[in-house]
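Spelled out, the chains give:
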Amino acid sequence: MREHRITVEVATDSAIVAVVGAGAAPDVDRFTEALHALPSPLGEQVAASRLRLPSPGAVEMTTRAAFLAPCRTVPAEEAVGRVSADTLAAYPPGIPNVLPGEVITAELVEFFHRTAAAPNGHVRGAADPAVATLRVVDRQCHGPDTGAEVVSMQGDR
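What counts as what
Residues numbered from 1 in each chain as written. Predicted model: local features only at pLDDT ≥ 70, side-chain atom pairs only at ≥ 80, totals over all residues. Heavy atoms only, no water. Helix = DSSP H or I, 4+ residues; strand = E, 2+ residues; numbered from the N terminus. Contact = heavy atoms within 4.5 Å. Areas by Shrake-Rupley, 256 points an atom, 1.4 Å probe, with all protein chains shown as cover. 1 Å grid on protein atoms, 1.4 Å probe; cavity = no way out; pocket = protein on both sides within 12 Å on 5 of 7 lines; lining within 4 Å. Points joined across faces, edges and corners; volume = space filled by probe spheres on them. Phe/Tyr/Trp six-rings, centres within 6.5 Å; stacked < 30°, edge-to-face > 60°. Buried < 20%, exposed > 50% of the residue type's maximum accessible area, 1.4 Å probe, protein only. Pairing = 2+ DSSP bridges. Axes fitted to C-alpha atoms, helices over the stretch in contact; angles between N-to-C directions.

### Some details on the overall build of the chain
Counting its regular elements, the chain contains 5 helices and 7 strands. Counting from the amino terminus, helix and strand elements in the chain follow one another as β-β-α-α-α-β-α-β-β-α-β-β. Across the chain, contacts joining residues at least 24 apart in sequence account for 65% of those joining residues at least 6 apart. Here the chain displays about 10,000 Å² of accessible surface, and carbon together with sulfur accounts for 54% of that area.

Shown next, in the form of structure tokens:
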């Protein structure tokens, strides 16, 4: 991309974030040419190592209730099966993978660890850069007197 004078903020096997300066008009043809000049993937080796998005956990509480509920920070492995107090988004692309009120799964923890360990990988909203800990709703403080709504899986609220 450098030889085409294109600045890239982040590049992975599935996303490229290019930088366009204020007042500059993107040269789409030059960008397309640069993409076509990239080396072709190494067949199945690349496909097998591609980062797949994890399935979301079940919704246990409304986003508002979980966000406002008392919480605690626990080791990531202990967070599995507990309700997230944070919005967590793997970057790139930066779209939330977990919202407050959703159950944290082992698949999500593994995904966040792989993302954080990757070059240019980052998990926005995590308690620490390595995602060694996660913030979860403190069940000891959460109950009917806290004003937190529990979501029924049938959609009743």
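From this point on, the discussion continues.
### Regarding the layout of surface pockets
By volume, the second largest pocket is sized at about 230 Å³. What lines the second largest pocket is a set of 14 residues, among which Val19, Val20, Pro26, Asp27 and Arg30 lie closest to the centre. Counting residues per element, the lining of the second largest pocket draws most heavily on helix α1 (residues 28-37), at 3 residues.

### A closer look at the packing of aromatic side chains
The full count for this structure, using the stated rule, is 1 aromatic pair. Relative to Phe112, the ring of Phe111 has its centre 5.7 Å away and its plane inclined at 55°; by these criteria the two rings are tilted. Of the two residues, Phe111 and Phe112, both sit in the buried class.

### Topic: the side chain of Ser84
Relative to the helices and strands, Ser84 is located in the loop between α4 (76-79) and β4 (88-91). Overall, the relative accessible area of 0% leaves Ser84 in the buried class. Apart from the residues within four sequence positions on either side, Ser84 is in contact with Ala66, Val98, Leu99, Pro100, Gly101, Glu102, Ile104, Arg135, Val136 and Val137.

### Side note on unusual backbone geometry
Positive phi values are uncommon outside glycine, yet Val131 reaches one of about 55°. By secondary structure assignment, the location of Val131 is in the loop between β6 (122-124) and β7 (133-137). On the accessibility criterion, Val131 (1% relative accessible area) is buried.

### Quick notes on the sheet that holds strand β5 (residues 96-98)
An order of β5-β4-β6 is seen for the 3 strands of this open sheet, with the pairing classed as antiparallel. Edge positions in the sheet fall to β5 and β6, since each has one partner strand and no second. Averaged over all neighbouring strand pairs, the angle between strand axes comes to 40°, with direction disregarded. Sheet analysis places β4 next to β5, joined by 2 bridges and oriented antiparallel. The residue bridging Ala89 from the neighbouring strand is Pro96, located in β5.

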